[in-house]
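# Understanding the architecture of this molecule
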Amino acid sequence: MEKKNEKSLKKICAVVRVLFSTAARRYPWFFVLEAVQMLVQAAQPFLGIFITPLLVDELCGRRDIRTLAGYVAVLIVGEMMLNLLYERLSTVLQMYQQRLEDYFTMQTGLHSMGLDFQMTEDKKVLDQLEKAQTGMSWYSGGAYGVAEQVFGFFRNILKMSGLVTVIAMHAPMLLVVILAYVALNALSVSARNKVELEAYGRLAQSNRLFGYFGWQLVDFRFGKDIRLYDARRMLVGRWQQYTRKSSDTWKWQAQKTYPYNLFSGGMALLRSLATYFYAGLLVIRGAFSIGIFTQMISTAGELDNTLNGLVWNVLNLAKRCNYAYEYVLFMEYPEVIPKGDVPVAAGEHRIEFRNVAFAYPGTDKKVLDGVNITVEPGEHLSVVGLNGAGKTTFIKLLCRLYDPTEGEILMDGRNIKEYDYKEYMAQFAPVFQDFRLFGFSIGENITFGGEGQEALERLLKLVELDDMVGKLEKGADTRIFKMFEEDGIEPSGGEQQKLAIARALYKKAPVIILDEPTAALDPIAEYEIYRQFHTLVGEKTAFYISHRLSSCRFCDRIAVFSGGKIAEYGSHDELVQIPDGIYAGMFEAQAQYYR
Ligand code: ADP
């Protein structure tokens, strides 16, 4: 139990430190105004507590109209002013709720985009991202929700000190009754929180899954497949399955917490009875006036609320911090890829794989095993092999999206791990099979906001999109997809690939990689792209992965991957000569269709 409390405290401290230190720097006024509001709220009940007994005793005694009017005036004007101040502060503070949420959503996004790539293929990391996102908004209320509890805690401490003093002056025994009630109630609230916490853990996975199906159902890009393969029923079915799973969890939570809620209600009733009885007895015995009786009743009620509020603040702070701690964990995800600091020399590079073996994290199967190859500066290498032979993995290792499990990769004679990671990444302009275009303009998708209208036009011409773009009213400023604008365009698969290729060429990196990016192009367009590409890539080093072996003819060397190794290596003319060779067989099989 103690260990658990310690853990909770550690989480609270970590969350408060991270959320407040970042948010306080960005939004200092939020904290100043929260503190002022805290003081206003702490003062609010005391006006009534001090003025009402005077009013009651005056009514029971002298009944002087001017004195009565004075009390009423102080009470009403005072409360009105405090209320106005409170409401004004609340309005201003509410604006910060969205701002803080946006700020932390942005931080999560920035961090997830900066994570080492291999983590984005790790289910645990995806779960953690989901937990961080929901933990920071939906469940915990984020920095705003945590701040509410922290300031609420201090407000209730202030209030409690005042209220305890008032009661101790007249009926200290009442404090015992109230404390006993609050202690019992705290146990019930704590048990309820445990149930909620367990439900949260259960919900993270099913939320991710039903979110996935939910999004696919409304994503137009899946439209064709969904209709033609009649996938609608299956998607809706799965979606319902996970929705059911989460609503079952909510139901389970409601049933489990119901008895605790009932218990809390019963206890409050008993506490009230005991207070009336004891304070009434003291009045009958002449220990204090009716005015003080009303003061004791209202102060006891207020103290009750305050102490419960305090328990609520502590437990809720622990609960919210428990959720928000997932954000802290996510933001602390360590870098898995060691990053060196050696600067990369300008110009072309010599790349060498030495006895490289690789198994994906969490698997034993060596996808690559004993890969040895050297690519000279400016060389064009074609990478060929059947599906699953490890071609893409080879490229991922080259780009340092993963590090080899065994062996090493060298650039200009130095292990690539020693280079400054960003500089190393800057050497490559890849077009992956699963490249993505963004909902930006055509131009932005190529230049990402970089300079060079001329370069853009040249590249569009090169990938033969100049005609298509020329016909558009807004030219290269036309948005891709219809997410943001009605007149956005939906480029064909081939056009999308051409745009992705133009993007890679714009990067001006010394090494160009095309991972089957021309699969959606017709053979003539593909041939043209490769031919022109060749002229354009020119001196640069290039890696091409293609299933269409006709494109290999443009390359200096061809590496044929099979069984995790480079089974054949040489020029096109050399490889077609190998009797029963893999390349020769593949080439022959494809050539039939072109003859
Ligand atoms: P190719 O590009 O030649 O078609 P890949 O390099 O994509 O082949 O894949 C090689 C093998 O690695 C395949 O068996 C594939 O299932 C496996 N693989 C690819 N990506 C992952 C991953 N992220 N985690 C685990 N296995 C993977």
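Quick caveat, the model's predicted, so the values are computed rather than measured.

Looking now at the overall build of the chain. Along the backbone of the chain there are 18 helices and ten strands. The C-alpha atoms of the chain give 35 Å as radius of gyration, which overshoots the globular expectation for 595 residues (25 Å, by more than 25%). Taken over the C-alpha atoms alone, the chain extends approximately 120 × 55 × 55 Å along its principal axes. Looking at the chain as a whole, 47% of its 595 residues are labelled buried. When the accessible area of the chain is evaluated, it comes to approximately 31700 Å², of which 59% is carbon and sulfur surface. Put simply, the chain has 65 plus and 68 minus side-chain charges, and the middle of one group is 9 Å from the middle of the other.

Next up on the list: the pattern of salt bridges. Tallied over the entire structure, the rule returns 16 salt bridges. Residue K123 pairs with D127 through a salt bridge whose shortest N-O separation is 3.4 Å. Of this pair, K123 and D127 both sit in helix α4 (residues 123-139), four residues apart, which is roughly one turn of the helix. Between R414 and E418 there is a salt bridge whose closest N-O contact spans 2.7 Å. Looking at R414, the relative accessible area reads 33%, which means it is partly exposed.

Neighbouring residues of the ligand: E121, Y360, K365, V367, L386, N387, G388, A389, G390, K391, T392 and T393. In the environment of the ligand, a nitrogen atom lies 3.4 Å from a nitrogen or oxygen atom belonging to the side chain of Y360. The backbone of K391 places a nitrogen or oxygen atom 2.9 Å from an oxygen atom of the ligand. Contact with the protein chains removes 66% of the 560 Å² of surface that the ligand exposes when unbound. Tallied by class, residues from the shell around the ligand come to four nonpolar, five polar and three charged.

With respect to the helices and strands, the residue Q497 is situated in helix α15 (residues 493-506). Between the C-alpha atoms of Q497 and E516, which are 19 residues apart in sequence, the distance is 9.8 Å.

Time to look at unusual backbone geometry. The phi dihedral of R400 is positive, around 60°, even though this residue is not glycine. Structurally, R400 is set in the loop between α10 (391-398) and β4 (406-411). Residues other than glycine seldom take positive phi values, yet K508 does so here, at roughly 55°.

Below, the discussion takes up the sheet that holds strand β3 (residues 380-385). Judged by pairing direction, the sheet is mixed, and its six strands sit side by side in the order β6-β7-β8-β3-β9-β10 without closing on themselves. The open sheet has two free edges, formed respectively by β6 (428-431) and β10 (565-570), since each of these has just one partner strand. Ignoring which end each strand starts from, the neighbouring axes of this sheet average 15° apart. Inspection of the sheet shows strand β7 (residues 511-515) paired to strand β8 (residues 541-545) by five bridges, in the parallel sense. Within the sheet, the bridge partner assigned to I512 lies in β8 and is A542.

If you trace the four strands from one edge of the open sheet to the other, you get β2-β1-β4-β5, paired in antiparallel fashion. At either margin of the open sheet sits one strand with a lone partner, and together these are β2 (368-375) and β5 (414-415). Relative to β4, strand β1 (residues 351-358) runs antiparallel, the two being bridged by five bridges. Along β4, the bridge assignment pairs I351 with M411.

Relative placement of two packed helices is described by the angle separating their axes and the distance separating the axes. Two elements in contact, helix α13 (residues 453-462) and α15, have axes whose closest approach is 9 Å; the angle formed by their N-to-C orientations is 135°. Classified by the angle their axes make, α13 and α15 are oblique. Crossing hand, α13 versus α15: right-handed. Touching A455, L459, L460 and L462 of α13 are L499, A502, L505 and Y506, all from α15. Classifying every residue of the contact of α13 with α15 gives eight nonpolar, no polar and no charged.

For helix α9 (residues 290-331), spanning 42 residues, the distance from its first C-alpha to its last is 59 Å, which sits close to the expected 62 Å at 1.5 Å a residue. Of all bends in α9, the biggest is about 30°, found at Y323. The buried fraction of α9 is high, at 31 of 42 residues.

This next bit is on the domain arrangement of the chain. Each domain of the chain was delimited in the assignment, giving domain 1 (2-331), domain 2 (351-435 + 511-591) and domain 3 (438-490). Inter-centroid distance (C-alpha atoms) of domain 2 to domain 3 is 29 Å.

Attention now goes to the packing of helix α2 (residues 28-60) against α9. Where α2 contacts α9, the two axes come as close as 7 Å, and the packing angle between them is 160°. Between α2 and α9, the interaxial angle falls into the category roughly antiparallel. Relative to α9, the crossing made by α2 is right-handed. Facing P45, I49, F50, P53, V56, D57 and C60 of α2, the residues of α9 in contact are I290, G291, I292, T294, Q295, S298, T299 and E302.

On the surface, a nonpolar cluster with roughly 420 Å² of combined accessible area is contributed by V77, M80, M81 and L84. Topologically, M80 is positioned in helix α3 (residues 65-114).

Reading the values: rules and limits
- Residues numbered from 1 in each chain as written.
- Predicted model: local features only at pLDDT ≥ 70, side-chain atom pairs only at ≥ 80, totals over all residues.
- Heavy atoms only, no water.
- Helix = DSSP H or I, 4+ residues; strand = E, 2+ residues; numbered from the N terminus.
- Rg over C-alpha atoms; globule rule 2.2 N^0.38 Å.
- Buried < 20%, exposed > 50% of the residue type's maximum accessible area, 1.4 Å probe, protein only.
- Areas by Shrake-Rupley, 256 points an atom, 1.4 Å probe, with all protein chains shown as cover.
- Lys, Arg positive; Asp, Glu negative; His and termini not counted.
- Charge placed at Lys NZ, Arg CZ, Asp CG, Glu CD.
- Salt bridge = Lys/Arg side-chain N within 4 Å of Asp/Glu carboxyl O.
- Near = heavy atom within 4 Å.
- Polar contact = N/O pair within 3.5 Å; in protein donor to acceptor, adjacent residues only side chain to side chain.
- Nonpolar A, V, L, I, M, F, W, Y, C, P; charged D, E, K, R; others polar.
- Pairing = 2+ DSSP bridges.
- Axes fitted to C-alpha atoms, helices over the stretch in contact; angles between N-to-C directions.
- Parallel < 35°, antiparallel > 145°, perpendicular 65-115°, else oblique.
- Left-handed = near helix turned anticlockwise from the far one by under 90°.
- Contact = heavy atoms within 4.5 Å.
- Expected span 1.5 Å × (residues − 1).
- Bend = angle between axes of the 7 residues up to and from the residue.
- Domains from an automatic or database assignment.
- Patch = residues over 30% accessible without salt bridge, like charges linked within 9 Å, V, L, I, M, F, W, Y side chains within 5 Å.

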